[in-house]
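# Observations on the model geometry
If you want the building blocks of each chain, they are given just below.
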Amino acid sequence: SRNEALVQAAKDLRKCITVLDEPTTKIVSTTSSSMTNLPFSGLTVVFTGAIPNMSRPEAQQFVLDLGAKKTPGSISKSTDLVVEGDKGGKKAQKAREMEIRVIDADEFLRIVNDNKQ
């Protein structure tokens, strides 16, 4: 469920961030292997079309929980991955023309399910 995914994301975040107690210190460590091993780590992911049984905000939250940098609504040269759902259309076509990796909804759902804890 979404709550379980959020709890797991919070646990993962707790593992990879060290906040020092001294108020004058501004160093925060985020170089944990748990963040870099996430399937969407550092990627800019754009969605197009409908993902079965999932709203767009839910899908965006899943990729953010699994390491994505951001989930903008449109494709640009900074887009790393496009998730094409039902009736994906123009965004998926544009991504292919720009040689951006496109995965279908089934592959996206498989990645999400494989990374639920």
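Keep in mind that this is a model prediction, so the values were computed, not measured.

We now examine the overall build of the protein chain. From N to C terminus, the protein chain includes five helices and five strands. The order of α-helices and β-strands along the protein chain, N terminus first, is α-β-β-α-β-α-β-α-β-α. Here the protein chain holds 117 residues, and 34% of them are scored as buried. Across the protein chain, the fraction of contacts at a sequence separation of at least 24, relative to all contacts at a separation of at least 6, is 58%.

Further remarks concern the confidence of the model for the protein chain. Looking at the protein chain, the pLDDT average stands at 83 and 79% of residues meet or exceed 70. Throughout residues 23-33 the model reports pLDDT below 50, and contacts reaching past four residues in sequence, or to other chains, amount to 13 contacts.

Before going further, it helps to spend a moment on the layout of surface pockets. Approximately 170 Å³ is the volume found for the second largest pocket. Lining of the second largest pocket is provided by Ser1, Arg2, Pro52, Asn53, Met54, Glu58, Phe62, Leu109, Val112, Asn113 and Lys116. Among the elements of the structure, helix H3 (56-65) and helix H5 (105-114) are those that each provide at least two residues to the lining of the second largest pocket. Considering each element in turn, the lining of the second largest pocket owes the most residues, three residues, to H5.

Each value, and the rule that gives it
Residues numbered from 1 in each chain as written. Predicted model: local features only at pLDDT ≥ 70, side-chain atom pairs only at ≥ 80, totals over all residues. Heavy atoms only, no water. Helix = DSSP H or I, 4+ residues; strand = E, 2+ residues; numbered from the N terminus. Buried < 20%, exposed > 50% of the residue type's maximum accessible area, 1.4 Å probe, protein only. Contact = heavy atoms within 4.5 Å. pLDDT = per-residue confidence, 0-100. 1 Å grid on protein atoms, 1.4 Å probe; cavity = no way out; pocket = protein on both sides within 12 Å on 5 of 7 lines; lining within 4 Å. Points joined across faces, edges and corners; volume = space filled by probe spheres on them.

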